[in-house]
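Take a look at the letters that make up each chain.
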Amino acid sequence: SNDWEEHLAVKHFSVEGQLEFRALLFIPKRAPFDLFENKKGKNNIKLYVRRVFITDDFKDMMPNYLSFVKGVVDSDDLPLNVSRETLQQHKLLKVIKKKLVRKTLDMIKKISDDKYGAFWQEYSTNIKLGVIEDTANRTRLAKLLRFTSSNGKLSSLAEYVERMKDKQESIFYMAGGSKDEVEKSPFVERLIKKGYEVLYLTEAVDEYAISALPEFEGKKFQNVAKEGFSIDGDTEAAKARKEVTKEKFDPLLKWMGEDALKDHILRAEVSERLDGSPCALVTSKFGWTANMQKIIQSQTHSKTQDMQRDYYLNQKKTLEINPRHPLIKELLRRIEDNPADKTAAEMAVMMYNTATLRSGFALKDTVNFAEQIELMMRQTLGVDADEQVEEEEEVTDEEPPEEDEDDEEEEEDEDDDEEAEEDAPKDEL
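Residues numbered from 1 in each chain as written. Predicted model: local features only at pLDDT ≥ 70, side-chain atom pairs only at ≥ 80, totals over all residues. Heavy atoms only, no water.

A contiguous nonpolar patch, built from Met347, Ile373, Met376, Met377, Leu381 and Val383 and spanning about 520 Å² of accessible area, is present on the exposed surface. In terms of residues, the nonpolar patch owes the most to one element, helix α14 (residues 366-381), which gives four residues. Position of Ile373 among the secondary structure elements: in helix α14. Residue classification places Ile373 among the partly exposed residues on the basis of a relative accessible area of 31%. (Patch = residues over 30% accessible without salt bridge, like charges linked within 9 Å, V, L, I, M, F, W, Y side chains within 5 Å. Areas by Shrake-Rupley, 256 points an atom, 1.4 Å probe, with all protein chains shown as cover. Salt bridge = Lys/Arg side-chain N within 4 Å of Asp/Glu carboxyl O. Helix = DSSP H or I, 4+ residues; strand = E, 2+ residues; numbered from the N terminus. Buried < 20%, exposed > 50% of the residue type's maximum accessible area, 1.4 Å probe, protein only.)

Right, here's the structure in full:
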């Protein structure tokens, strides 16, 4: 293996029955720097038949996501007198592969808690890729996943489920570019205030991996940046309060969806997830979140004219408003007094733009947003909105007049004559 450090985990076992073989597997302490290099052939598992070395170039001995596992396999049941190409298609190899994967996952599961942090730091991406690729072992792999939680610790899904509140039906998670970004996201404000735990997914592969998992121990996953979940529950009191709030803000919701923001949003709704923010943009259940959009747009091999990609990127979002926020209350008051209020319409567009940025999306019209901010700065500083930028003075590059060469020669001759006159008396003495 050419490894100079002590292994992270090791397993020595033998299989008997329909197929007999012995194997020694171990996980290196550090992941190789070229772990995800596709061009390089993996030679981590060495195959022996009756203690005779056969090859270390089997592509199907281990799945790609377990390519970091090193080991030796010795079997008495495989034929010796056939070519490597024929041996590679042997049906017994599929059985060996299945056993190796199961034993490897079992070895990882038994890594102690004090060492699991080091394992996860090195090989977390491999396990997440396994959740996406290996449907047969998806349940086993899900138990190995670890995510940073809103309680500040690295937590497994099983530990999260144990800590779930009564009547909580979903595992809440929020995906973003960094822990700081997801902690300050408007989507987690009220959840955390209410005492719910949220998993923070901060790596690019995380959202793909969780999307591949339909559920865990009977609990479905819920992206808090998407629509389709309730915090307040379905009790009669909660339903009655929702109806009263919706009826009160119905004029504002209709005005936003059908008039002021009809070109920007799908619809406007009263939010259950917001606490301190006035509004936020929520993705549909099967749409792309802001984090997913950033990942898709950053892929170097994606086509620019892709109809499916453009459809998801340009999909209109739902604007959720916070009925307890003073800005929303003031906007409602203005709309009830005068639906054609120009200031209210401008503020609605400004709220949409800030909600777009706050929710992690990119603004389509950045120039208009900058102009609106400039206008607000003028009003705050007391500068007239119509005051123009001062015209720039034109500076002409005038070259200094050139002195004639003849004049310069005359001045030099005069200087020489003066020097000669001064030296003359000295010579005479």
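Once the structure has been displayed, the description carries forward.
Our next topic: the pairing of strand β2 (residues 21-27). Among the seven residues in β2, five count as buried, and that is most of the element. By the bridge criterion, seven bridges tie strand β1 (residues 9-15) to β2 in an arrangement that is antiparallel. Pairing of Val15 across the sheet is with Phe21, part of β2. Inspection of the sheet shows β2 paired to strand β5 (residues 70-75) by six bridges, in the antiparallel sense. In the strand pairing of β5, Arg22 is matched with Asp74. (Pairing = 2+ DSSP bridges.)

The next thing to look at is the pairing of strand β14 (residues 317-321). In terms of residue burial, β14 counts as a mostly covered element, since five of its five residues are buried. Sheet analysis places strand β13 (residues 279-282) next to β14, joined by four bridges and oriented antiparallel. Bridge pairing in β14 links Leu281 to Leu319.

If you look at soluble globular proteins, the nonpolar side chains tend to sit buried side by side. Phe21, Ile27, Phe68, Ile96, Leu100, Ile108 and Phe119 are the most contacted members of the largest nonpolar core, which has 73 residues in total. No other element matches helix α2 (residues 91-109), which puts eight residues into this core. Phe21 has contacts with Phe13, Ser14, Val15, Val73, Asp74, Ser75, Ile96, Lys99 and Leu100, leaving out every residue within four places of it along the chain. The next biggest cluster of nonpolar side chains, apart from the first, holds 25 residues, and it includes Leu252, Trp255, Met256 and Ala355. (Core = buried A, V, L, I, M, F, W, Y, C linked by side-chain atoms within 4.5 Å. Contact = heavy atoms within 4.5 Å.)

Moving on, we come to the sheet that holds strand β12 (residues 265-270). Sheet strands pair by backbone hydrogen bonding; their relative direction is either parallel or antiparallel. Pairing within the open sheet is mixed, and its three strands lie in the order β12-β14-β13. Because the sheet does not close on itself, it has two edges, and the strands there are β12 and β13. Pairwise comparison of adjacent strand axes, ignoring direction, gives a mean angle of 25° for this sheet. Of the strands in this sheet, β12 and β14 are in contact with helix α9 (residues 236-260), which crosses β12 at around 160°. (Axes fitted to C-alpha atoms, helices over the stretch in contact; angles between N-to-C directions.)

On to unusual backbone geometry, then. Here Arg50, not a glycine, exhibits a phi torsion of approximately 55°, which is positive. Residue position: Arg50 is located in the loop between β3 (45-49) and β4 (52-55). Among the residues examined, Arg50 registers a relative accessible area of 45% and is labelled partly exposed. If you check the backbone angles, Lys167 has positive phi at about 70° while not being a glycine. With respect to the helices, strands and loops of the structure, Lys167 is situated in the loop between α5 (157-163) and β8 (170-175). Overall, the relative accessible area of 80% leaves Lys167 in the exposed class.

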